[in-house]
Amino acid sequence: MRKSVRLSRVLGAIPLLVLGSASALALVSSRVAAEAQGRMYELGDAPPAPVVIVPGARVKEGRPMRILRSRLDVAIALMEQGRARAVLVSGDARGTSGDEIDAMITYLVARGVNRERIVADPYGLDTYDTARRAVTTYGVRRAAIVTQAFHLPRAVALCGRAGIDIVGVRAPDAMRVRTRIRNLAREFVLSRPKAFLELRFPRDPAVSTPPDDRLAEILADLEHGRVAAAPVDS
């Protein structure tokens with residue numbers, strides 16, 4: 001009888017535990033999203049920025065998959081419209097699905113972006129590292145970051161906390177329903193709680209490398225007419 005009573009009490013507590021966990025996750029998510037409030041835009045409304053940051057995602061056989069293609073297409077549009085002057089592609093050059101950096105550069109150049117206006121960070125191993133390294137390694141102070149809606153608040157929040165005057169630009173959610181569900185689950189259960197801690201307890205990037213002045217040099221060359229002023233190659 002006592003075992004039955006204890007079991008019923010445990011079972012009765014499960015809904016409360018689930019509710020409490022869900023409430024905690026919702027609170028954490030809202031705190032992260034609040035950091036990005038007022039700084040997220042659709043492509044047509046995005047203000048200009050000298051640099052557009054494109055975080056990496058999975059590639060297949062050396063080519064960007066749907067999520068990454070959508071991000072890159074928005075970055076291309078910002079360049080074409082003159083609302084960005086250089087691109088920082090940031091991802092894992094040794095990712096489990098392949099070289100994200102090479103795939104992004106190849107895609108951009110094939111669609112007319114001047115290779116001289118692309119800088120690559122092969123150690124943007126996650127969103128936090130992308131943000132921190134953009135500042136500490138590449139000297140970024142003002143930028144736009146392009147990613148999907150589920151990811152954008154976290155990306156903007158982390159970039160802002162890293163010291164970037166940042167705006168976020170939404171890329172289309174060009175993904176299958178199953179992929180969308182999986183990404184949302186991972187975002188709200190794992191990624192935002194991790195970002196919540198990173199916002200409050202900053203850490204060094206997983207890989208630290210010496211400062212790289214290429215972005216500053218590209219922008220200076222554009223300012224002085226030493227690089228073709230057209231946003232993309234004709």
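Residues numbered from 1 in each chain as written. Predicted model: local features only at pLDDT ≥ 70, side-chain atom pairs only at ≥ 80, totals over all residues. Heavy atoms only, no water.

Participant: Whenever I open this one, the sheet that holds strand 1 (residues 40–41) confuses me. Can you help?
Facilitator: The strand order 1-8-7-2-5-6 describes an open sheet built from six strands, whose pairing is parallel. Both outer strands of the open sheet, strand 1 and strand 6 (118–121), are each paired with one neighbouring strand and no more. (Pairing = 2+ DSSP bridges. Helix = DSSP H or I, 4+ residues; strand = E, 2+ residues; numbered from the N terminus.)

Participant: What am I meant to see in the packing of helix 5 (residues 152–162) against helix 6 (residues 177–200) here?
Facilitator: It is at 10 Å that the axes of helix 5 and helix 6 come closest, and there the two elements cross at 10°. It follows that helix 5 is roughly parallel to helix 6 by the angle criterion. Only E187, S191, R192, A195, E198 and L199 of helix 6 make contact with helix 5, whose side of the interface consists of P153, R154, A157, L158 and R161. Residue composition of the contact of helix 5 with helix 6, by class: five nonpolar, one polar and five charged. (Axes fitted to C-alpha atoms, helices over the stretch in contact; angles between N-to-C directions. Parallel < 35°, antiparallel > 145°, perpendicular 65-115°, else oblique. Contact = heavy atoms within 4.5 Å. Nonpolar A, V, L, I, M, F, W, Y, C, P; charged D, E, K, R; others polar.)

Participant: Quick question: what am I supposed to make of the nonpolar core here?
Facilitator: Where a protein is soluble and globular, its nonpolar side chains tend to be buried together. V54, L78, V89 and L108 are the most contacted members of the largest nonpolar core, which totals 33 residues. Only strand 2 (51–55), helix 2 (66–80), strand 5 (86–90), helix 3 (100–110), strand 6, strand 7 (142–148) and strand 8 (165–171) provide two or more residues apiece to this core. The residues contacting L108, other than those within four sequence positions of it, are L72, I76, V87, V89, V113 and I118. Judged by nonpolar contacts, the second largest core, of 31 residues, contains V119, A134, A143 and L152. (Core = buried A, V, L, I, M, F, W, Y, C linked by side-chain atoms within 4.5 Å. Buried < 20%, exposed > 50% of the residue type's maximum accessible area, 1.4 Å probe, protein only.)

Participant: So what exactly am I meant to see when it comes to the confidence of the model for the chain here?
Facilitator: Fine structural detail should not be taken from predicted coordinates in areas where pLDDT scores are low. Overall, the predicted model of the chain reaches an average pLDDT of 88, with 85% of residues at or above 70. Residue range residues 229–234 is modelled with pLDDT below 50. Its contacts to residues more than four positions away, or to other chains, number 14 contacts. (pLDDT = per-residue confidence, 0-100.)

Participant: I'm lost on the environment of V87 in this one. Help?
Facilitator: If you trace the backbone, V87 turns up in strand 5. Separated by 15 residues in sequence, V87 and L72 place their C-alpha atoms 9.8 Å apart. Apart from residues lying up to four places away in sequence, V87 is in contact with V52, V54, M79, L108, R117, I118 and V119.

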